[in-house]
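Residues per chain, in single letters:
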Amino acid sequence: MARVLQSLELFAPSPREALRERRPVQRRAQLWLAVALPSLALECLAAAESAPLTSSSTAGVPARVAVELDRGQPRVVAANSAAAAAGIAAGAKLSTALALAASLQVLEREPPRERECLESLAAWAETLTSMVSVEPPDSLLLEVGGSLRLFGSLAAIKAALRDELARRYRDFRFCAAPTATAALWLARAAGDDVTDWRQLPGSLAPLPLAATRWPAEVQSLLHELGLRTVGDCARLPRDGFARRVGRAYLLELDRAFGRSADLRAGFSAPRAWGSRVELGEESVDNAIFVEAVEHLLEELCGELGTRQAAIDGFELAFEHLHRPATVESFDLREPTFERERLLALVEDRLERCRLPVPAVAVRLRSTVFRPAVHKGVDLFDAKPVEEGTRALLERLQGRFGSSAVYGLDAVAEHRPERAWAKRRDGERRACRESGEGNDARGRAMQGAVSEWTRREARPLWLLQKPVPIEFRTDSLKLVSGPERIESGWWDEQDVGRDYYTAENARGQRLWIFRDHRTRAWFLHGLFG
Amino acid sequence: MERNDWHARVWRGTAASIARAVLPTGFDELDRALPGGGWPLGAITEILVDGYGIGELGLLMPGLSALTKADSAKPRKWIAWVAPPFIPYAPALQQHGVDVGRQLMIHPTPGSKNRLWAIEQVVRSGSSAGVLAWVAAADDVMLRRLQLAAEDQACWIVLFRPTDVRQQRTPAALRIRLSQTPASTRVEILKCRGGRPGVVDVAGFGRVIPAAVQASRS
């Protein structure tokens, strides 16, 4: 009989678990502030539609809902106050909602925009604390335990937060708790602040299970078991709960009650930097610009230094009095935080650019900051070659254009004009891989071609294009040849040529060929 | 005292007294004529030549090949070509044993000022072992700057210039003039720091041994 009773008990405590009652982990006093934006799905869309959120009157606003397809069925995910007044709540079917309010405005949910709104809020929230975490789809977590002393009290932080939230959204809640998960749950359920660990279990216990946002099937399972609140779940034996519901949910309970570490991914706003320097008077003088830019770069690089960041480009705008600013943009080959390098680029550019009219101010705006990579520098070799090369290419391409600087590659190809290639950085590997990676036959073929070209005379100078010449035996003396090159029939750029080395009266040695089809002579190279 | 005697007793720096980095040219007769036995590194070499295709590049090839040789002890540097008049042909460079992957082509916007600027950038970057540049007009001040930069970075600057600049002063360590003779390339040493002017005929480089010529007469 006792055995039957035991099996009826849903969650029999295992002796081991019962003995090891978990205690909250002692650590630095954390205080989490969770922000919940229940109508974000709707409000971020409405904001984009330039609905004046800051206007206080809600009377003129039409009923509006944001919908999302849920298993093929459009469902309301957020409703504004007018819609709510008509009886439309989140979770309702769209058909139901339309039946309740005929003039309903229906907007489709746009998760990327929600994310944007959250991130923009998170970027602002970094003014309150260094630890901000974005909790999609509609929440934000701030760890404010470390900011209490700075702001004086939790109330001061909350006041600042409230002002900003009110400026941005209508529907928001926020709540403080010693654990992040608890703060989130409390905020969603519009609970009260908990600042004391001892009050935490008591405050969490009455929260409805909906606040946990656990999947619907989990919630309905718990509901069938007669569990309605977080407290109901917390009272159950641990291993039974883990087995029946899932270890993940047990872990989440532990996190909420502070029995297990609750780690959150920190958010860090992508930053750019911009500033402006007024020139004393209108000027076209480069020396004055350079001075202004030096000043700006000084500030920028200071900022980059403290943030351990680098930029991969920036923009200089010269502001004029009565016309749009002249903008010069600078792209770097690799992110940098070095002032000298940036300044050198600006100086090169200024040397060449002429402003149409005098400028009154210079504005600098950087690209988004990225983490700086500090390379080890050899103590005795102050300037590594690769470093020098990168800076050199940057300057040359900055002044002459990116197509003016390139490397060389030899290509295994019979047609002389295709036996070489321009190489820009990064391409070499790709080209090699495509050429060699294929098969043994391809490699053998390449080997054969290079072997063959090695034997035959090739001029050090190749002309951009073969130049038609008049072949006269009194002016040109054939020294060697012919070398027959017939190739390229497969890509319809085939050549059929007989190449000769010739010498003219001035002693120049020329690489000439006779075209098989037209019988015309061309100059193709010089033996420099 | 007779003037000649006095002259003979003045100590003059000779090749042996100045230890200077050189790059063997690869041609014995030329090496013998140059102080230290090769191209002066860390300095400007001016090559005065009219027209192209008389072996002006071939003369440099053994040197370039040696400069681009992989040396595990040192990082590999570039050979920069500033404003080459034609395409330096990669297969031919390979035939001469030059590392094609370390050649950097630079085509500055027209104007000798831009070319000289580019040369200076290349040299000062410290990333290049040599620069070949085609420069017609260059003022003395700019050349002096290049010469100093070359000394700083131990870079070999080769300037190809037309022969009509031979009357102009030059800070270059070496100035030679190239011309073609029927059997060889004539190298006239016009100015040579630590050495004497002279004429050397360099034969047999880049020369194609005349094979049977069978021009199709059809």
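Conventions and cut-offs
Residues numbered from 1 in each chain as written. Chains lettered and ligands numbered in written order. Predicted model: local features only at pLDDT ≥ 70, side-chain atom pairs only at ≥ 80, totals over all residues. Core = buried A, V, L, I, M, F, W, Y, C linked by C-beta atoms within 7 Å. Buried ≥ 20, exposed ≤ 12 C-beta atoms within 10 Å, placed from the backbone. Helix = DSSP H or I, 4+ residues; strand = E, 2+ residues; numbered from the N terminus. Contact = placed C-beta atoms within 7 Å. Pairing = 2+ DSSP bridges. Nonpolar A, V, L, I, M, F, W, Y, C, P; charged D, E, K, R; others polar. Axes fitted to C-alpha atoms, helices over the stretch in contact; angles between N-to-C directions. Parallel < 35°, antiparallel > 145°, perpendicular 65-115°, else oblique. Left-handed = near helix turned anticlockwise from the far one by under 90°.

### Regarding the nonpolar core
General note: in soluble globular proteins, nonpolar side chains tend to be found buried as a group.
All names here are of chain B.
Next up, step 1: Of all hydrophobic cores here, the largest spans 88 residues; its most connected members are Ile119, Val131 and Ile157.
Next up, step 2: Examining the composition of this core, we find that six residues originate from one element, helix H5 (residues 112-125), more than from any other.
Next up, step 3: Setting aside residues up to four positions removed in sequence, isoleucine 119 forms contacts with Val82, Val131, Ala133, Leu146 and Ile157.

### What about the sheet that holds strand E18 (residues 509-515) of chain A?
Next up, step 1: In spatial order, the strands read E16(A)-E17(A)-E18(A)-E19(A)-E15(A)-E5(B); together these six strands make up an open sheet with antiparallel pairing. In this open sheet, the two edge strands, each paired with only one partner strand, are strand E16 (476-487) of chain A together with strand E5 (87-88) of chain B.

### Considerations on the interface of chain A and chain B
Next up, step 1: Taken residue by residue, the interface counts 45 residues in chain A and 45 residues in chain B.
Next up, step 2: Listed by contribution, the elements that provide at least two residues to the side of chain A that touches chain B are helix H17 (385-400), strand E13 (405-410), helix H19 (440-455), strand E15 (461-469), E16, strand E17 (495-504), E18 and strand E19 (521-526) of chain A.
Next up, step 3: At eight residues, H17 of chain A tops the list of elements feeding residues into the side of chain A that touches chain B.
Next up, step 4: Tallied by class, the residues present in the side of chain A that touches chain B amount to 25 nonpolar, 12 polar and eight charged.
Next up, step 5: Note that E15 of chain A and E5 of chain B share two bridges and pair antiparallel.

### Focus: the environment of arginine 186 of chain B
Residue and element names in this part refer to chain B.
Next up, step 1: Topologically, arginine 186 is positioned in strand E10 (residues 185-192).
Next up, step 2: A residue is classified by how many C-beta atoms lie within 10 Å of it, and arginine 186, with 18 of them, is partly exposed.
Next up, step 3: In sequence terms arginine 186 and alanine 203 are 17 residues apart; their C-alpha atoms lie 8.4 Å from each other.
Next up, step 4: Look past the residues within four positions of arginine 186 in its chain and what remains in contact with it is Leu178, Ser179, Thr181, Val199 and Asp201.

### Observations regarding the environment of tryptophan 420 of chain A
Residues and elements named next belong to chain A.
Next up, step 1: Of note, tryptophan 420 is situated in strand E14 (residues 420-423).
Next up, step 2: Judged by the 23 C-beta atoms lying within 10 Å of it, tryptophan 420 is buried.
Next up, step 3: Residues tryptophan 420 and aspartate 409 lie 11 residues apart in sequence; the distance between their C-alpha atoms is 5.5 Å.

### With respect to the packing of helix H9 (residues 180-188) of chain A against helix H14 (residues 247-256) of chain A
Residues and elements named next belong to chain A.
Next up, step 1: Running from amino to carboxyl end, H9 crosses H14 at an angle of 90°, the nearest separation of the two axes being 6 Å. The orientation of H9 relative to H14 falls into the category roughly perpendicular. Contact with H9, carried on its side by Thr181, Ala182 and Trp185, involves Glu252, Arg255 and Ala256 of H14 and no other residues of that element.

### Quick word on the pairing of strand E4 (residues 78-82) of chain B
Residue and element names in this part refer to chain B.
Next up, step 1: Among the five residues that make up E4, five are buried, leaving the element largely enclosed by the rest of the structure.
Next up, step 2: Here E4 shows no split at all, with Trp78, Ala80 and Val82 on one side and Ile79 and Trp81 on the other all buried.
Next up, step 3: Pairing between E4 and strand E7 (residues 128-134): five bridges, direction parallel. In the strand pairing of E7, tryptophan 81 is matched with leucine 132.

### As for the sheet that holds strand E5 (residues 132-135) of chain A
Residue and element names in this part refer to chain A.
Next up, step 1: The four strands are arranged E5-E6-E1-E7 in an open sheet whose pairing can be described as antiparallel. The open sheet terminates on both sides in strands that have one partner only, identified here as E5 and strand E7 (173-177). Each strand of the sheet is rotated relative to its neighbour by a mean of 20°, with strand direction disregarded.
Next up, step 2: In this structure, E5 lies alongside strand E6 (residues 139-143), joined through four bridges in antiparallel fashion. If you follow glutamate 135 over to E6, its bridge partner there is serine 139.

### Structural notes on the packing of H5 of chain B against helix H6 (residues 140-153) of chain B
Residue and element names in this part refer to chain B.
Next up, step 1: Their axes nearest at 9 Å, the elements H5 and H6 cross at an angle of 15°. Between H5 and H6, the angle falls in the class roughly parallel. Of the two possible hands of crossing, H5 and H6 adopt the one that is left-handed. When H5 is examined against H6, the residues Leu116, Ile119, Glu120, Val123 and Arg124 are found in contact with a partner set consisting of Met142, Arg145, Leu146, Ala149, Ala150 and Gln153.

Take it as geometry only, folks, not as evidence of what the structure does.
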